[in-house]
Amino acid sequence: MIESREDIRVQPPAPATQATTVLDYLALARFDHMTKHVFIIPGFVLACALRRDTVTLEIAPIVLGIISAVFIASANYVINEWLDREFDAIHPVKSKRIAVVKSLSAKWVYAEYATFLLLGLCLASEVADLFFLTAIAFALSGVAYNVRPLRLKDKTFVDVLTESINNPIRLTLGWSMADPATLPPSSLILAYWMGGAFLMGAKRLSEYRDIAAGPGVALLHRYRQSFLHYTEERLIVSCFLYAMLSAFSIAIFLVKYRIEYVLALPAFALLFAFYLALSLRKDSVAQKPERLFKERRLMAIVIVTVGLLVALTVVDIPVLEHFSTPHFISVDGALD
C-alpha cells in the first residue's frame with residue numbers, strides 16, 4: 001500500500017551538538033562537484049567549430065563564465081542541502097552530510113546562498129547578455145527544484161526532467177562564451193537534456209536498488225516523495241526512453257551539421273549501455289556523478305568517443321553524403 005503524504009512526513013533532525021566552523025558552511029557549496037561543469041566544454045567547443053566565422057575568442061569571458069557557473073551551482077547546492085536536511089537524516093549515506101550532523105545557523109546559510117548567487121550573476125553580467133540570461137535560468141532551476149511550493153524534486157519523473165535541465169543550461173553557458181549571438185541547435189539542446197535525464201534516471205535506479213535491497217523501499221518513500229511512484233521496472237524503462245530520445249536527437253544533430261559524425265554513433269550507444277550497466281551495480285558510482293572520472297573503463301569509452309569526433313571533424317568522407325539524401329534501389333530488369 002502506498003503511504004499518504006501524511007504518512008511520509010518526517011520530523012526535523014535532532015539538534016546537533018558539534019561546534020560549527022566556516023569550513024562547515026563552505027562544505028555546503030560542494031566545490032568537489034565542480035567536475036560536473038565539464039558539460040560546459042562541449043558547448044564552447046561546438047560553438048567554435050560550427051560558428052567559427054563569427055566567434056572571437058577571448059580569455060576573460062571564458063574565465064569569468066566558468067567562475068560564474070561554479071558560484072551559481074554552489075548556491076544551488078547550499079539551498080539543496082539545507083532544505084533537504086530533515087529528509088537526508090533518513091538516508092543511510094546522506095545522513096552524514098554537514099547540514100544533518102552539524103547545528104548550522106539558518107541566517108548564515110541563507111547569507112552564503114545569497115552571496116554565491118549574487119557573485120555568480122554579477123560575473124555572468126560581464127560575459128554576455130545570453131550568458132547572463134542563461135545564468136538566471138540556472139539559478140531559477142535550483143529554486144524550482146528545491147523550494148516549496150514547487151519543490152519539483154518530490155514529483156515522480158518531473159524530478160529527473162527538472163534536475164537534468166541543468167545539462168542544456170550548462171551547454172548554453174559554454175556556447176555563449178564563444179558565440180553570444182545565437183543559441184545552440186535545438187537538436188543538441190534536446191540531446192543534452194535527454195542525456196542528462198538518462199544520467200539522473202540511472203542515479204535514481206541505482207539508489208532505488210541499493211536501498212530496496214537494504215533498509216527497504218519504505219525508507220525510500222519516507223526519504224523522497226518521488227519514490228512513492230517509482231519502481232525498478234519504471235526506472236529502467238524510463239532510462240531506456242531517455243537514452244532513445246537522446247540518441248535520436250544526437251543523430252539529427254550529427255547528420256544535419258556534419259555527416260561524418262554519424263560514424264561516432266556506435267560509441268555513443270556504447271556509452272549509454274555501459275553507464276546503464278554501471279547503475280545496476282551495488283554502491284554504483286552512478287549515485288555520485290562527480291566521481292565518474294575515477295571509472296577507468298567509462299573514461300576510456302569517453303576518450304575514444306571524443307577522439308572519434310575530433311578525427312571526424314578534420315576528415316571528410318564524401319561517400320557519406322550518399323546516405324543523407326533519399327535513395328531507392330531499382331529492381332527494374334533485375335527480376336526478369
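Up top is the structure these notes are about.
Residues numbered from 1 in each chain as written. Predicted model: local features only at pLDDT ≥ 70, side-chain atom pairs only at ≥ 80, totals over all residues. Heavy atoms only, no water.

## Some points on the overall build of the chain
The helix and strand tally for the chain stands at 14 helices and 0 strands. Taking 20 Å as the expected radius of gyration for a compact globule of 336 residues, we find that the chain reaches 22 Å, a close match to that expectation. On the principal axes, the C-alpha backbone points of the chain span a range of 85 × 50 × 35 Å. Put simply, the chain has 336 residues, and 48% of those count as buried. On the chain, roughly 17500 Å² of surface is accessible, and the fraction owed to carbon and sulfur atoms is 67%. Here the chain carries 32 positive and 30 negative side-chain charges, and the mean point of each set is 8 Å from the other. (Helix = DSSP H or I, 4+ residues; strand = E, 2+ residues; numbered from the N terminus. Rg over C-alpha atoms; globule rule 2.2 N^0.38 Å. Buried < 20%, exposed > 50% of the residue type's maximum accessible area, 1.4 Å probe, protein only. Areas by Shrake-Rupley, 256 points an atom, 1.4 Å probe, with all protein chains shown as cover. Lys, Arg positive; Asp, Glu negative; His and termini not counted. Charge placed at Lys NZ, Arg CZ, Asp CG, Glu CD.)

## Section: the side chain of asparagine 166
Along the chain, asparagine 166 turns up in helix α9 (residues 166-178). Within the structure, asparagine 166 has its side chain in polar contact with the side chain of serine 141 (distance 2.8 Å). The contacts of asparagine 166, once residues within four sequence positions are left out, are Phe138 and Ser141. (Polar contact = N/O pair within 3.5 Å; in protein donor to acceptor, adjacent residues only side chain to side chain. Contact = heavy atoms within 4.5 Å.)

## Digging into the packing of aromatic side chains
Evaluation of the coordinates by the stated rule reveals 9 aromatic pairs. Taking 6.2 Å as the distance between ring centres and 85° as the angle between the ring planes, the aromatic pair formed by phenylalanine 39 and tyrosine 192 counts as edge-to-face. A residue pair is termed long-range when its members are at least 10 positions apart, and phenylalanine 39 in the loop between α1 (22-27) and α2 (40-50) and tyrosine 192 in helix α10 (residues 186-213) qualify at 153 residues. Given a relative accessible area of 12%, tyrosine 192 falls into the buried group. For the pair phenylalanine 253 and tyrosine 257, a centre-to-centre distance of 5.0 Å together with 35° between the ring planes defines the contact as tilted. Residue phenylalanine 253 and its partner tyrosine 257 are located together in helix α12 (residues 232-257), separated by 4 residues, close to a single helical turn. One aromatic cluster is present, built from ring pairs that chain together Phe157, Tyr208, Phe227 and Tyr230. A cation over a ring is seen here: arginine 85 above tryptophan 82, with NZ or CZ 3.8 Å from the ring centre. (Phe/Tyr/Trp six-rings, centres within 6.5 Å; stacked < 30°, edge-to-face > 60°. Lys NZ or Arg CZ within 6 Å of the ring centre and 35° of its normal.)

Any link to function would need more than the numbers given here.
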